[in-house]
Amino acid sequence: MSPVITDVRLTPILIADAPLLNVGGVHQPYTPRLIVELETDSGTVGLGETYGDHQYLARATELAPKLIGMPVTAINAIRLLDAGDTRLLDDNPVAGGLRGTLTTDKVRLSIVSAFETAALDAHGRELGLPVHALLGGKVRDRVDYSGYLFYKWAEHPTPNAPADEWGEVLDPDGVVRLAEKFSAHGGFRSFKLKGGVFPPEEEVAAIIALAKAFPEHPLRLDPNGGWSPATATTVAEQLTGIVEYLEDPTARVADMAELHRRTGMPLATNMIVTAVDEIRPAFDANAVQVVLSDHHFWGGLHATRDLAAVCHAYGKGISMHSNTHLGISLAAMTHVAATVAHLDYACDTHYPWQAEDVITDPFTFTDGAIEVTDTPGLGIDLDRDALARLHERWQRLPALRDRDDVAAMRVADPDYRPPGSPKY
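Everything numeric in this text was worked out from a predicted model, so none of it was measured. (Residues numbered from 1 in each chain as written. Predicted model: local features only at pLDDT ≥ 70, side-chain atom pairs only at ≥ 80, totals over all residues. Heavy atoms only, no water.)

*Asks:* Lay out the state of the cysteines in plain terms, naming residues and giving numbers.
*Replies:* A complete count under the given rule lists 0 disulfides for this structure. Residue C311 stays outside any disulfide, its sulfur separated by 13 Å from that of C347, the closest cysteine. (Disulfide = S-S within 2.5 Å.)

Printed below as a string of structure tokens:
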């Protein structure tokens, strides 16, 4: 008989983050995450991780009691918990991490993803099988990740904020130096630059400088919808043959479709295709050639495999989006990526930026990849001392319990206003 879920523990935490710049502002000194522990009647504990802002914590608190008494194998039931409410969240219409509009169902799916991951982890531990085996089995022994480059300040303007070792990155030379550090750190064989920060010609120059410094490395540029169609067209023409794709150069399906029609540049997204009902309009318009999945907001690992199958049927490429995450999420990404046959591009990951974790043996990258473990479950263990320390920080710093790049930017510039239309 399948083990039954007897307890669900939710622990919100704050993790140190670097002053990374994007089209909307800058990362705060600390970012909220939510750690899920799901315990079965045999005493096995499975782990999950997701966003930790107040909307997510409130929804998780509502849904967690509904798991009690469920078989740990009831993945479909977990995925369908309270499905159907797709209202826009009026108090925060833009999702944290610049991934499009935020609805009640996207919040629900982000919580369900952590529950599903924890259930799979627990089930795998019970059976002595890795999570990838529960998803049908791995088709690769290593998963490639891209070095995720950001423009950044040398330090946060907030007093007593955490320091980082990456240094200031504000021009093309700084971007190349950062890539060299990433290469030394984990041997990354492709790079993505978060754009939308400086005038497009400066970011084009940075990509060209990267191409000269790393001639065999695929490159990407992501301004998070911060360019007008005219600017995006100019950039696409300048970077044709240099980048493997532009990610969300504009914010509208129609503009993305026209940009691809005019330039032939492959376009990727994690902003205009983030839910099932957004797939068909974007695909019918040929606005997107690569979808960046994220098991958090798609609703879990099975949903990620479903999306990959749809993309393959439509002839679209598939990769994986990243937000500020820890080792539990990286483990989950790696397990599901190992099972996707048509994973066309290296996955994104913020993990090298994180100086803290809640697992006992943090991941390291070799040649830009993570080896796929056959250890039962996710193959990781919880560091309870670290979890307690990061939760204590969450209790101590209530003002930082929601990610707010605009508020963080206003610490340095009190008059800062985020762009209400394309920035360039």
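*Asks:* Any chance you could break down the sheet that holds strand 1 (residues 5-16) for me, citing the residues and the numbers?
*Replies:* An order of 1-4-5 is seen for the 3 strands of this open sheet, with the pairing classed as antiparallel. The sheet terminates laterally at strand 1 and strand 5 (45-51), the two strands that pair on one side only. Adjacent strand axes in the sheet meet at a mean angle of 20 degrees when their direction is disregarded. Relative to strand 4 (residues 30-40), strand 1 runs antiparallel, the two sharing 11 bridges. Within the sheet, the bridge partner assigned to T11 lies in strand 4 and is I35. Strands strand 1, strand 4 and strand 5 of the sheet are contacted by helix 3 (residues 104-127), whose axis makes an angle of about 160 degrees with strand 5. (Pairing = 2+ DSSP bridges. Helix = DSSP H or I, 4+ residues; strand = E, 2+ residues; numbered from the N terminus. Axes fitted to C-alpha atoms, helices over the stretch in contact; angles between N-to-C directions. Contact = heavy atoms within 4.5 Å.)

*Asks:* Residue-level account of the side chain of Q354, with values.
*Replies:* Counting through the fold element by element, Q354 comes out in the loop between strand 13 (347-349) and strand 14 (369-371). Q354 sits in the buried class, given a relative accessible area of 11%. (Buried < 20%, exposed > 50% of the residue type's maximum accessible area, 1.4 Å probe, protein only.)

*Asks:* Describe the environment of G147, naming the residues involved and giving the relevant values.
*Replies:* In this fold, G147 is placed in strand 6 (residues 142-150). Residues G147 and F191, 44 residues apart in the sequence, show an inter-C-alpha distance of 4.6 Å. Residue contacts for G147: discarding those within four places in its chain leaves F182, F188, S190, F191 and K192.

*Asks:* Residue-level account of the pairing of strand 4, with values.
*Replies:* Of all the 11 residues making up strand 4, 10 are buried; the element is thus mostly covered by neighbouring parts of the structure. Strand direction decides the pairing type here: strand 4 and strand 5, joined by 7 bridges, are antiparallel. From the neighbouring strand, E37 faces strand 5, where its bridge partner is L47.

*Asks:* Which residues make up the UniProt feature "domain: Mandelate racemase/muconate lactonizing enzyme C-terminal" (unreviewed entry) in the chain, and what values go with them?
*Replies:* In the numbering used here, UniProt assigns the feature "domain: Mandelate racemase/muconate lactonizing enzyme C-terminal" (unreviewed entry) to residues 172-266. End C-alpha to end C-alpha, residues 172-266 measures 23 Å, and it is 54% helix and 12% strand. (UniProt positions renumbered as here; feature names shortened; annotations may be inferred.)

*Asks:* So what's going on with the domain arrangement of the chain? Residues and values would help.
*Replies:* Assigned domains within the chain: domain 1 (4-130 + 383-412) and domain 2 (132-371). Each of domain 1 and domain 2 was reduced to a C-alpha centroid, and the two centroids are 21 Å apart. With 53 residues of domain 1 in contact, the opposing surface of domain 2 contributes 57 residues. Buried surface at the junction of domain 1 and domain 2, both sides included, amounts to about 4400 Å², of which 64% is carbon and sulfur. Among the residues domain 1 hides against domain 2, the three largest losses belong to P19, L21 and P130. Together they make up 16% of the total. Summed over the shared surface of domain 1 and domain 2, the number is 3 salt bridges. For R393, the salt bridge is made with E356, and the minimal N-O distance between the two is 2.8 Å. (Domains from an automatic or database assignment. Buried area = accessible area lost by both parts, 1.4 Å probe. Salt bridge = Lys/Arg side-chain N within 4 Å of Asp/Glu carboxyl O.)

*Asks:* Give me the lowdown on the pairing of strand 6, citing residues and values where you can.
*Replies:* Of all 9 residues that make up strand 6, 7 are buried, and the element is covered over most of its length. When strand 6 meets strand 14, the two strands line up antiparallel, connected through 3 bridges. Across the sheet, the residue bridging to R142 is E371, located in strand 14. Where strand 6 meets strand 13, 3 bridges bridge the pair, whose relative direction is parallel. Looking at the pairing, S146 lines up with D348 of strand 13. Pairing of strand 6 with strand 7 (residues 191-194), which is carried by 4 bridges, proceeds in the parallel orientation. Its bridge partner being in strand 7, L149 is matched across the sheet by L193.

*Asks:* How would you explain the side chain of S113 if you had to name every residue and give the values?
*Replies:* Inspection of the secondary structure assignment puts S113 in helix 3. Looking at S113, the relative accessible area reads 0%, which means it is buried. The residues contacting S113, other than those within four sequence positions of it, are T50, H295, H296, G299 and G300.

*Asks:* Got a sec to walk through the packing of helix 5 (residues 172-186) against helix 6 (residues 200-213)? Specific residues and values, please.
*Replies:* Running from amino to carboxyl end, helix 5 crosses helix 6 at an angle of 40 degrees, the nearest separation of the two axes being 8 Å. Accordingly, the angle class assigned to the pair helix 5 and helix 6 is oblique. Taken as a pair, helix 5 and helix 6 cross one another with a handedness that is right-handed. Facing helix 5, whose interface residues are P172, V175, V176 and A179, helix 6 presents E202, A205, A206, A209, L210 and A213. Residue composition of the contact of helix 5 with helix 6, by class: 9 nonpolar, no polar and 1 charged. (Parallel < 35°, antiparallel > 145°, perpendicular 65-115°, else oblique. Left-handed = near helix turned anticlockwise from the far one by under 90°. Nonpolar A, V, L, I, M, F, W, Y, C, P; charged D, E, K, R; others polar.)

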